[in-house]
Amino acid sequence: MMRFHADLHIHSRYARACSKDSDLEHLTWWAQRKGIALMGTGDFTHPVWFERLRESLVPAEPGLFRLREDLASGPAADVGGALPAGVVPGQVRFMLSSEVSTIYRRGERTRKIHHLIYMPGFDEAAAFNRELERVGDLAADGRPVLAMDSRDLLELTLGSGDGAYLVPAHVWTPWFGVFGSKAGFDTVEECYGDLSEEIFALETGLSSDPAMNRRVSALDRYRLVSHSDAHSPPMLGRETTVFDTDLDYFAVLRALRTGEGYAGTTEFFPEEGKYHLDGHRVCEVRLDPAETRELGGRCPVCGRPLTVGVLSRVEELADRSEGFRPDDAVEFRSLVPLPEIVGEVLGVGPKSKKVVKLLDELTTALGPELSILQDVPVDDIAVHSSPLAEAVDRLRRGEVIRDPGYDGTFGTIHLFAPDEPKGAGTAAAPTLF
């Protein structure tokens, strides 16, 4: 048994709008940098990536794989520099995962739903791919777009082999989530029909958190998981699911089915997600749910329909008051990616050379990024940067400034007020908007 972070929704270089560095060597290195033990492979439906996975991964624990030793220890493995303190090369595990987009007509409406698919082995994944090839072109995109009903995709998944399962992806996202404002479903049962009992976990996405989801009692029976949906390796781990199980595909599956060994999530602050509030990006209009209702869902500038965000949909389906907490609620922690915090402290962008240099210093001395954000003593961080220690201390207390995202525009989370000298004090920061 061990406690570990899992990031089971990522993409490869063969998915649209993804980094060319999204290969196994870079993904492995960055998972170690972040502190992630278990990764999804992403995109196993793409024929070129599938062959790359078969060539480069070798069996590890039941249903899991690791990077081939010559790749894990060769020059290509050192893609980002020194590994964090305490990290042993080659310990990252992979499970076969892919995202599938279904677009279909049902009930006089067009439905666009994204799904996460997991397979315990290459034989099962190959069988699944053969069936999908009958429906569409898998080589066109790492996340294939298929004219298939969600219920039928679930049936195909379950028929691919024991242990194959489906998790609805980012369920609140307006355009492609089961509960999204554009999808037209209010329940899992409406979407997956007679097979809905085979759904036991939901990915909640960057624009919500468990505190929001607890307001909807219909979600109580599901394990709520969070993953990064990373389109480039540095974005790994911005959200993770935490397990307290054996590192084993079937142990993870049991934890998701039963709740035993499911230890919670690390989350974005939901305001940082790009669909948290309602709005119209073109007109730079951002609205809370009450304002949207007053306007009848129309942009006050151009009169076109607003993109109704996650907070509005949660409030629409909620049957509990804000702040409700079930007795058996699993813990979660809201984090800001460490490069963003370092960038704020240094007054530069999160990808700048100054940030990279300090991150290298921090992780080499203190360990992976997720450990620095959650566990490393603040005094140890202060040895390297007193303002950064102050920022992390505020983060752990939830003292952040929130500027919410809307209509495809990411929000921002700050640890210091605009005119505040870095490291000037520990007073609670105000909430914007």
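All values reported here derive from a predicted model rather than from experimental measurement.

Thresholds, definitions, all that
Residues numbered from 1 in each chain as written. Predicted model: local features only at pLDDT ≥ 70, side-chain atom pairs only at ≥ 80, totals over all residues. Heavy atoms only, no water. Helix = DSSP H or I, 4+ residues; strand = E, 2+ residues; numbered from the N terminus. Buried < 20%, exposed > 50% of the residue type's maximum accessible area, 1.4 Å probe, protein only. Contact = heavy atoms within 4.5 Å. Areas by Shrake-Rupley, 256 points an atom, 1.4 Å probe, with all protein chains shown as cover. Lys, Arg positive; Asp, Glu negative; His and termini not counted. Charge placed at Lys NZ, Arg CZ, Asp CG, Glu CD. Axes fitted to C-alpha atoms, helices over the stretch in contact; angles between N-to-C directions. Parallel < 35°, antiparallel > 145°, perpendicular 65-115°, else oblique. Nonpolar A, V, L, I, M, F, W, Y, C, P; charged D, E, K, R; others polar. Polar contact = N/O pair within 3.5 Å; in protein donor to acceptor, adjacent residues only side chain to side chain. pLDDT = per-residue confidence, 0-100. Phe/Tyr/Trp six-rings, centres within 6.5 Å; stacked < 30°, edge-to-face > 60°. Lys NZ or Arg CZ within 6 Å of the ring centre and 35° of its normal. Salt bridge = Lys/Arg side-chain N within 4 Å of Asp/Glu carboxyl O. Left-handed = near helix turned anticlockwise from the far one by under 90°.

**Here's the deal with the overall build of the chain**
Here comes step 1: Helices and strands together make up the secondary structure of the chain, namely 15 helices and 17 strands.
Here comes step 2: Along the first, second and third principal axes, the C-alpha atoms of the chain reach 60 × 60 × 40 Å.
Here comes step 3: Out of the 433 residues belonging to the chain, those deemed buried represent 56%.
Here comes step 4: Looking at the chain alone, contacts between residues at least 24 apart form 71% of all its contacts between residues at least 6 apart.
Here comes step 5: Per element, the accessible surface of the chain, about 17,900 Å² overall, is 50% carbon and sulfur.
Here comes step 6: Taking the 47 positively charged and 68 negatively charged side chains of the chain as two groups, their mean positions are separated by 4 Å.

**Quick word on the side chain of T28**
Here comes step 1: Its location among the elements puts T28 in helix α1 (residues 24-34).
Here comes step 2: Aside from chain neighbours lying at most four places away, what touches T28 is L67, V92 and F94.

**Quick look at the packing of helix α2 (residues 47-56) against helix α4 (residues 122-132)**
Here comes step 1: The contact between α2 and α4 brings their axes to 12 Å, and the two run at 170°. It follows from the interaxial angle that α2 and α4 lie roughly antiparallel. Together, F50, L53 and R54 of α2 and F122, D123, A125, A126 and N129 of α4 make up the contact between the two elements.
Here comes step 2: For the contact of α2 with α4, the residue count by class is five nonpolar, one polar and two charged.

**Some details on the environment of G159**
Here comes step 1: Its place among the elements puts G159 in the loop between α5 (150-158) and β8 (165-168).
Here comes step 2: Considering only alpha carbons, one finds G159 and F128, 31 residues apart in sequence, at a separation of 8.2 Å.

**What to know about α5**
Counting along an α-helix, one turn takes 3.6 residues, and residues three or four places apart therefore face a common direction.
Here comes step 1: Looking only at α5, the buried set comprises S150, R151, L153, L154, L156 and T157.
Here comes step 2: Tucked into the core, α5 has its buried residues touching β5 (93-106), β6 (109-119), α4, β8 and α6 (188-192).
Here comes step 3: One side-chain oxygen of the residue at the start of α5 lies 2.8 Å from the amide nitrogen of R151, identifying that residue as D149.

**Some remarks on the confidence of the model for the chain**
Here comes step 1: On average, the chain scores 94 in pLDDT, and the residues at 70 or more come to 96%.
Here comes step 2: Segment residues 424-433: pLDDT under 50, and 22 contacts once partners within four positions in sequence are set aside and those in other chains are kept.

**Points about the packing of aromatic side chains**
Here comes step 1: Enumeration over the complete set of coordinates arrives at 11 aromatic pairs.
Here comes step 2: With centroids separated by 5.1 Å and ring planes inclined at 80°, the aromatic side chains of W29 and W30 adopt a geometry described as edge-to-face. W30 matches W29 in its accessibility class, with the two residues each being buried.
Here comes step 3: Each ring, one from Y165 and one from F200, has its centre 5.6 Å from the other, and the planes form 35°; the classification is tilted. Here Y165, found in strand β8, pairs with F200, found in the loop between α6 and β9 (201-203); they are 35 residues apart in sequence, far enough to count as distant. Across the pair, exposure class does not vary: Y165 and F200 are buried alike.
Here comes step 4: Taken together, the ring pairs connect Y118, Y165, F200, Y249 and F250 into an aromatic cluster.
Here comes step 5: Sitting over the ring of F185, R111 keeps its end group 4.4 Å from the ring centre.

**Here's the deal with the environment of E291**
Here comes step 1: Residue placement: E291 occurs in helix α9 (residues 289-294).
Here comes step 2: In this structure, the C-alpha to C-alpha distance between E291 and D278, residues 13 residues apart in sequence, is 9.0 Å.

**Thoughts on unusual backbone geometry**
Here comes step 1: Not every positive phi belongs to a glycine, and E108 is a case in point at roughly 65°.
Here comes step 2: Looking at the element boundaries, E108 is found in the loop between β5 and β6.
Here comes step 3: In this structure E108 comes out as exposed when scored by relative accessible area, which is 70%.
Here comes step 4: The backbone of D407 shows a phi angle near 45°, a positive value even though the residue is not glycine.
Here comes step 5: Turning to its location among the elements, D407 is positioned in the loop between β16 (401-403) and β17 (412-414).

**Quick word on the pattern of salt bridges**
Here comes step 1: For the structure shown, the criterion picks out 28 salt bridges.
Here comes step 2: The salt bridge involving E99 is made with R143; its shortest N-O contact spans 3.9 Å. Residue E99 is located in strand β5, and its partner R143 is located in the loop between α4 and β7 (145-146); the two are separated by 44 residues in the primary sequence.
Here comes step 3: The salt bridge partner of D186 is R313, with a shortest N-O separation of 2.9 Å. With D186 in the loop between β8 and α6 and R313 in helix α10 (residues 310-317), the pair connects residues that are 127 residues apart, well separated along the chain.

**With respect to α10**
Here comes step 1: In terms of residue burial, α10 counts as a mostly covered element, since six of its eight residues are buried.
Here comes step 2: Of the residues making up α10, those classed as buried are V310, L311, S312, R313, V314 and L317.
Here comes step 3: At its buried positions, α10 is contacted by α7 (210-213), β13 (278-280) and α9.

**Some details on the packing of α4 against α5**
Here comes step 1: Two elements in contact, α4 and α5, have axes whose closest approach is 9 Å; the angle formed by their N-to-C orientations is 145°. Along this stretch, α4 crosses α5, giving a crossing that reads as right-handed. Contact with α4, carried on its side by F128, E131 and L132, involves L153, L156 and T157 of α5 and no other residues of that element.
Here comes step 2: When the residues that make up the contact of α4 with α5 are grouped by side-chain class, the tally is four nonpolar, one polar and one charged.

**Description of the environment of A15**
Here comes step 1: Among the secondary structure elements, A15 is positioned in the loop between β1 (2-7) and α1.
Here comes step 2: Of the residues examined, A15 reaches a relative accessible area of 7% and is grouped as buried.
Here comes step 3: Sequence separation between A15 and D141 is 126 residues, and the spatial gap between their C-alpha atoms is 5.1 Å.
Here comes step 4: A15 has contacts with D43, D141, G142 and R143, leaving out every residue within four places of it along the chain.

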